[in-house]
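For reference, the chains in residue letters:
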Amino acid sequence: EPEVTQTPSHQVTQMGQEVILRCVPISNHLYFYWYRQILGQKVEFLVSFYNNEISEKSEIFDDQFSVERPDGSNFTLKIRSTKLEDSAMYFCASSEVGQIEQYFGPGTRLTVT
Amino acid sequence: AQSVTQLDSHVSVSEGTPVLLRCNYSSSYSPSLFWYVQHPNKGLQLLLKYTSAATLVKGINGFEAEFKKSETSFHLTKPSAHMSDAAEYFCVVISGTYKYIFGTGTRLKVLA
């Protein structure tokens, strides 16, 4: 069964550094999403992406965040200058056009020290 | 605004007994609702979805959920728990186009 994959599974970085989290969505899906879950808190929506542009973004998704589909298979989340409060599990998801169910990857645990 | 409330953060059941995980929703229109499960070190897996068709929705692994508009509830049930059901379960509502709003999660423990 096709799956969403994410790399790395765990990333440790120092405050102020840039990180790129990578996702490979399911191949025929055209909608892509990022969510995050800070330890002990809810899973929160960050951004949705379709047709090479952001469809919707949350208040969390400020100027230090960006998303990109650099090629036909990858979808990335970049955090320009990480803060301690960016430490969280980041989930990528994808969905087909016209379908509301989203398929999630296993997550990348980001630790900012 | 759309929201969901999961009423229990932890639920423990004995193997072979029924499971009930509770979720209440708040929505200004007919919602689309989901239950997802997360096993340790795995992604979120879709269990079932409700999209205003039948109010009783059957999902994978013997789970089902009933949409009750009068109670604004979408509780998840299973007649007989299995050890492999131990996981965290999330109730989700769609807001806007495709944005998911998650509940806080319920951790299910299954006792032998």
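Some thoughts on the overall build of chain A
Okay, step 1: When helices and strands are counted, chain A shows zero helices and 11 strands.
Okay, step 2: The secondary structure elements of chain A, listed N-terminal to C-terminal, are β-β-β-β-β-β-β-β-β-β-β.
Okay, step 3: Relative to the compact-globule value of 13 Å for 113 residues, chain A shows a C-alpha radius of gyration of 13 Å, a close match.
Okay, step 4: Looking at chain A residue by residue over its 113 residues, the buried ones come to 45%.

A word on the state of the cysteines
Residue and element names in this part refer to chain A.
Okay, step 1: Evaluated as defined, the whole model comprises two disulfides over all chains.
Okay, step 2: In this model Cys 23 forms its disulfide with Cys 92; the gap between the sulfur atoms is 1.9 Å. The sign of the S-S torsion, about -65°, decides the handedness of the disulfide formed by Cys 23 and Cys 92: left-handed. Taken together, the residues Cys 23 in strand E3 (residues 19–24) and Cys 92 in strand E9 (residues 88–95) connect sequence positions 69 residues apart. Each member of the pair, Cys 23 as well as Cys 92, carries the same accessibility label: buried.

Digging into unusual backbone geometry
Residue and element names in this part refer to chain A.
Okay, step 1: A cis geometry characterises the amide bond from Thr 7 onward to Pro 8, with omega recorded as -10°.
Okay, step 2: Residue position: Pro 8 is located in the loop between strand E1 (5–7) and strand E2 (10–13).
Okay, step 3: Even without a glycine there, the phi angle at Asn 51 is positive, about 55°.
Okay, step 4: Tracing the backbone shows Asn 51 in the loop between strand E5 (43–50) and strand E6 (53–57).
Okay, step 5: The phi angle at Asn 52 is positive, at roughly 65°, despite the residue not being glycine.
Okay, step 6: Mapped onto the elements, Asn 52 comes out in the loop between E5 and E6.
Okay, step 7: On the accessibility criterion, Asn 52 (60% relative accessible area) is exposed.

Some points on the nonpolar core
Okay, step 1: Counting 26 residues, the largest nonpolar core has Trp35(B), Leu76(B) and Tyr89(B) as its most contacted members.
Okay, step 2: With four residues, the top contributor of residues to this core is strand E10 (residues 87–95) of chain B.
Okay, step 3: Setting aside chain neighbours within four positions, we find Tyr89(B) in contact with Gln6(B), Leu21(B), Trp35(B), Tyr36(B), Val37(B), Leu47(B), Phe63(B), Leu76(B), Gly105(B), Thr106(B) and Leu108(B).
Okay, step 4: Counting residues in each nonpolar core, the second largest holds 22 residues, with Phe32(A), Trp34(A), Phe75(A) and Leu77(A) among its members.

So, the environment of Ser32(B)
Okay, step 1: Mapped onto the elements, Ser32(B) comes out in the loop between strand E4 (23–26) and strand E5 (33–38).
Okay, step 2: Taking the C-alpha atoms as reference points, Ser32(B) and Ser52(B), separated by 20 residues in sequence, lie 7.1 Å from one another.
Okay, step 3: The residues contacting Ser32(B), other than those within four sequence positions of it, are Ile100(A), Tyr50(B), Thr51(B), Val92(B), Val93(B) and Ile94(B).

Quick word on the environment of Phe67(B)
All names here are of chain B.
Okay, step 1: Looking at the element boundaries, Phe 67 is found in strand E8 (residues 64–68).
Okay, step 2: For Phe 67, a relative accessible area of 8% gives the class buried.
Okay, step 3: Between the C-alpha atom of Phe 67 and that of Gln 6, which follows or precedes it by 61 residues, the distance is 14 Å.
Okay, step 4: Setting aside residues no more than four positions away along its own chain, Phe 67 makes contact with Tyr 25, Pro 31, Leu 33, Tyr 50, Thr 55, Ser 73 and Phe 74.

Digging into the pairing of strand E1 (residues 3–6) of chain B
Residues and elements named next belong to chain B.
Okay, step 1: Of the two faces of E1, the one lined by Val 4 and Gln 6 is fully buried and the one lined by Ser 3 and Thr 5 carries no buried residue.
Okay, step 2: Taken together, the four bridges between E1 and E4 define a ladder with antiparallel strand orientation. Residue pairing across strands places Gln 6 opposite Cys 23, the latter belonging to E4.

A closer look at the packing of aromatic side chains
The description of an aromatic ring pair uses the distance of the two centres, along with the angle that the planes make with each other.
Okay, step 1: One pass over the structure, following the stated rule, counts 23 aromatic pairs over all chains.
Okay, step 2: With a centroid separation of 5.9 Å and an interplanar angle of 25°, the aromatic rings of Trp34(A) and Phe75(A) are classed as stacked. In this pair, Trp34(A) sits in strand E4 (residues 31–37) while Phe75(A) sits in strand E8 (residues 75–79), placing the two residues 41 residues apart along the sequence. Comparing Trp34(A) with Phe75(A) shows no difference in burial state: the two are buried.
Okay, step 3: Summarising the aromatic geometry, the rings of Phe104(A) and Phe102(B) are spaced 6.0 Å apart at their centres and angled 80° between planes, so their arrangement reads as edge-to-face. Here Phe104(A), found in strand E10 (residues 103–104), pairs with Phe102(B), found in strand E11 (residues 99–102), and the two come from separate chains.
Okay, step 4: Residue Phe104(A) is classed as buried on the basis of its relative accessible area, which comes to 8%.

About the thresholds
- Residues numbered from 1 in each chain as written.
- Chains lettered and ligands numbered in written order.
- Predicted model: local features only at pLDDT ≥ 70, side-chain atom pairs only at ≥ 80, totals over all residues.
- Heavy atoms only, no water.
- Helix = DSSP H or I, 4+ residues; strand = E, 2+ residues; numbered from the N terminus.
- Rg over C-alpha atoms; globule rule 2.2 N^0.38 Å.
- Buried < 20%, exposed > 50% of the residue type's maximum accessible area, 1.4 Å probe, protein only.
- Disulfide = S-S within 2.5 Å.
- Core = buried A, V, L, I, M, F, W, Y, C linked by side-chain atoms within 4.5 Å.
- Contact = heavy atoms within 4.5 Å.
- Pairing = 2+ DSSP bridges.
- Phe/Tyr/Trp six-rings, centres within 6.5 Å; stacked < 30°, edge-to-face > 60°.

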